[in-house]
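Structural features, examined
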Amino acid sequence: MNLQFKSFFPPQRTLMGPGPSDVDPRILTALSRQTIGHLDPMFVDLMDETKQLLQYAFQTQNELTMPVSAPGSAGMEAVFVNLIEPGDKVIVCQNGVFGGRMQQNVLRCGGQAIMVQDEWGTATDINKLEQALKMHPDAKAVAFVHAETSTGVRNDAQALCALAKEYECLTIVDAVTSLGGIELAVDDWQIDAIYSGTQKCLSCVPGLSPVSFSQAAIEVIKHRQSPVQSWFLDMDLVMGYWGQGTKRAYHHTAPVNSIYALHEALLILHEEGLQASWNRHAHMHQLLKTGLEELGLEFVVDEQDRLPQLNMVRIPEGLDDGAIRARLLQDFNLEIGAGLGVLAGKVWRIGLMGYGANQKNVDYCVEALASVLKK
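Residues numbered from 1 in each chain as written. Predicted model: local features only at pLDDT ≥ 70, side-chain atom pairs only at ≥ 80, totals over all residues. Heavy atoms only, no water.

**A closer look at the sheet that holds strand S14 (residues 347–351)**
Filter applied, for reference: We call two strands paired when DSSP finds no fewer than two bridges between them. Only DSSP runs of H or I with at least four residues qualify as helices, and only runs of E with at least two residues qualify as strands; both kinds are numbered from the N terminus onward.
With respect to topology, three strands assemble into an open sheet ordered S11-S14-S13, the strand pairing being antiparallel. The sheet is open, and its two edges are formed by strand S11 (310–314) and strand S13 (337–338), each paired on a single side. Where S11 meets S14, five bridges bridge the pair, whose relative direction is antiparallel. Within the sheet, the bridge partner assigned to Leu310 lies in S14 and is Gly351.

Here it is in structure tokens:
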């Protein structure tokens, strides 16, 4: 068989789905820089600075703050396998796909998941959580998604964490789509363990998962009765590499160039400022909202619970979801997201994240949708 292969050159897309988002050219340039060793003293210095920039992005002083060398799903698993042991009871709030993934992680750790369910497209009901906490006073942790990517809902992380702390529970938060896009304050909100991803509002390439653990969470890890079931994600081992000082314990070969890219992404966020970034995402959401509503499209999520960076709209009656998204990709090189789970075929998810949260993208998306819907 005579197979012919050649280098791959991707088309120039405008990424306005649920992620990945458009990557800032500065980040792509950083990614292409000369690779050095993962124990090189200069790379160790870069690791320290990346950690400090992550602490800024998360708004935390947590010593155990670092990027896991794998995508956001590995960050989720890292949190659960380190904190949850067989028999532990965890209250999981679910109002979308990713709350369900939290449940799966609890079960795979041998824990018991107590589910607090809310309709997809609505925020977690804090009264339901309190009822569950009262019914399960032995619960070890409360877990929930801050920005539910499958629905575009913002859950009130500050209020949910405050309630969990009243009942002396650890707090576990999914911030994959929220970090850099909306207000997030790990220390002030008493978040014990949090994970995110690089490919959403940080506008970095996919493949890393920032995590942070409070001192209370570290104490739980130190006093486990059983070994962490994942060698690669065992925080006691990984921190030997992401710890302090120039002498680092070899754990794995870090994705050096991806760390370059994350450092640049966090540097861009720091230069803009967190509040400015949050304001920009909110402003672009308002512009997109105006444009989409002029096309007759309706938002699913109530305004007070709506994410600015992930917009879920109903597909008008009689339209073919897949055909329209395919036409947008083929004719406009524009990617928007489909619905997931019970919302499949019923909604579109339009992302406005990081570098992609700009007026050019907003205008282009509205114009492209207007053209395709007219046809």
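**So, empty space enclosed by the protein**
The cut-off we apply is this: Definitions used for this entry: grid spacing 1 Å over protein atoms alone; cavity, a set of points where a 1.4 Å probe fits but cannot get out; pocket, an open set with protein on both sides within 12 Å along at least 5 of 7 lines; lining residue, one with an atom within 4 Å of a point. Grid points are joined across faces, edges and corners, and a volume is the space filled by probe spheres set on the points.
One pass over the full model with this rule turns up one cavity of 30 Å³ or more. Approximately 50 Å³ is the volume attributed to the largest cavity. Residue assignment for the lining of the largest cavity shows that the elements contributing at least two residues are strand S2 (64–68) and helix H8 (235–238). No other element matches the three residues that S2 contributes to the lining of the largest cavity.

**What to know about a nonpolar patch on the surface**
What counts, and what does not: Here, patches come from residues exposed beyond 30% relative accessible area and free of salt bridges, joined within 9 Å for like charges and within 5 Å for nonpolar side chains (Val, Leu, Ile, Met, Phe, Trp, Tyr). Accessible surface area values rest on a Shrake-Rupley calculation with a 1.4 Å probe, where residue burial reflects the displayed protein chains alone. We define a salt bridge as a contact between a side-chain nitrogen of Lys or Arg and a carboxyl oxygen of Asp or Glu at a distance within 4 Å.
Side chains of Met1, Leu3 and Phe5 sit close together on the surface and give an oily, nonpolar patch of about 480 Å² of accessible area. Mapped onto the secondary structure, Phe5 falls in the segment before strand S1 (14–15).

**Structural notes on the layout of surface pockets**
Note the cut-off: Residues were grouped as follows: Ala, Val, Leu, Ile, Met, Phe, Trp, Tyr, Cys and Pro as nonpolar; Asp, Glu, Lys and Arg as charged; and all remaining residues, including Gly, as polar.
Each pocket or cavity is described by its volume, and for the largest pocket that value is around 550 Å³. Residue lining of the largest pocket: 20 residues in total, with Gln12, Arg13, Thr14, Asp22 and Val23 positioned closest to the centre. Every element with two or more residues in the lining of the largest pocket is listed here: S1, helix H1 (25–31) and helix H12 (359–374). Of all the elements, H12 adds the most residues to the lining of the largest pocket, at three residues. When its residues are assigned to classes, the lining of the largest pocket shows eleven nonpolar, six polar and three charged. Space inside the second largest pocket adds up to approximately 240 Å³. In terms of lining, the second largest pocket is formed by 18 residues, of which the most central are Phe98, Arg101, Thr149, Val176 and Lys200. Counting residues per element, the ones that place at least two in the lining of the second largest pocket are helix H3 (72–83) and helix H4 (97–108). Residues that form the lining of the second largest pocket fall into these classes: nine nonpolar, five polar and four charged.

**Digging into the sheet that holds S2**
This is how the line gets drawn: In this analysis, axes come from line fits to C-alpha atoms, helices being fitted only over the stretch in contact, and the angle between any two N-to-C directions falls in the range 0 to 180 degrees.
Reading across from one edge, S2-S10-S9-S8-S5-S3-S4 is the order of the seven strands in this open sheet, with mixed pairing throughout. Because the sheet does not close on itself, it has two edges, and the strands there are S2 and strand S4 (112–117). Neighbouring strand axes in the sheet, compared pairwise and without regard to direction, differ in orientation by 15° on average. Of the pairings in the sheet, the one linking strand S3 (residues 89–94) to S4 comprises six bridges and is parallel in character. Following the sheet pairing, Ile91 is matched in S4 by Ile114.

**Quick notes on the packing of aromatic side chains**
Note the cut-off: Here is the rule: rings of Phe, Tyr and Trp (six-membered ring for Trp) pair when centre to centre is within 6.5 Å. Planes less than 30 degrees apart are stacked, more than 60 are edge-to-face, and the remainder are tilted. Note on exposure labels: buried denotes an accessible area under 20% of the residue type's maximum, exposed denotes more than 50%, and partly exposed covers the range between, all computed with a 1.4 Å probe on protein chains only.
Per the counting criterion, the structure on display carries one aromatic pair. Taken together, a centroid distance of 6.3 Å and an interplanar angle of 70° make the contact between Phe332 and Tyr364 edge-to-face. Here Phe332, found in helix H11 (residues 321–332), pairs with Tyr364, found in helix H12; they are 32 residues apart in sequence, far enough to count as distant. Exposure remark for Tyr364: the relative accessible area of 30% places this residue in the partly exposed category.

**A short note on the packing of H3 against H4**
The following threshold applies: Convention used here: angles under 35 degrees read as roughly parallel, angles over 145 as roughly antiparallel, angles from 65 to 115 as roughly perpendicular, and any remaining angle as oblique. Crossing handedness is read from the near helix: turned anticlockwise from the far helix by less than a right angle, it gives a left-handed crossing, and turned clockwise, a right-handed one. What makes two residues a contact is simply this: any of their non-hydrogen atoms within 4.5 Å.
Across the interface, H3 lies against H4 with an axial gap of 10 Å and an inter-helix angle of 45°. The angle between H3 and H4 places the two elements in the oblique class. For the pair H3 and H4, the crossing hand works out as right-handed. Side by side, H3 and H4 meet where Ser73, Met76, Glu77 and Phe80 of the first sit next to Phe98, Arg101, Met102, Asn105 and Val106 of the second. Across the contact of H3 with H4, the residue classes tally to five nonpolar, two polar and two charged.

**A word on the nonpolar core**
Soluble globular proteins tend to pack their nonpolar side chains together in the buried interior. Where we set the bar: Buried residues of nine kinds, namely Ala, Val, Leu, Ile, Met, Phe, Trp, Tyr and Cys, make up a nonpolar core once their side-chain atoms join them within 4.5 Å.
Phe43, Met66, Phe80, Leu83, Ile91, Ile172 and Phe213 are the most contacted members of the largest nonpolar core, which has 90 residues in total. In terms of residue count, helix H9 (residues 256–272) provides more of this core than any other element does, nine residues in total. Residues contacting Ile172, with those up to four places away along its chain left out, are Val79, Phe80, Leu83, Ile84, Met102, Ala141, Val142, Ala143, Phe144 and Ala193. Of all hydrophobic cores here, the second largest spans 23 residues; its members include Leu288, Leu292, Ile315 and Leu334.

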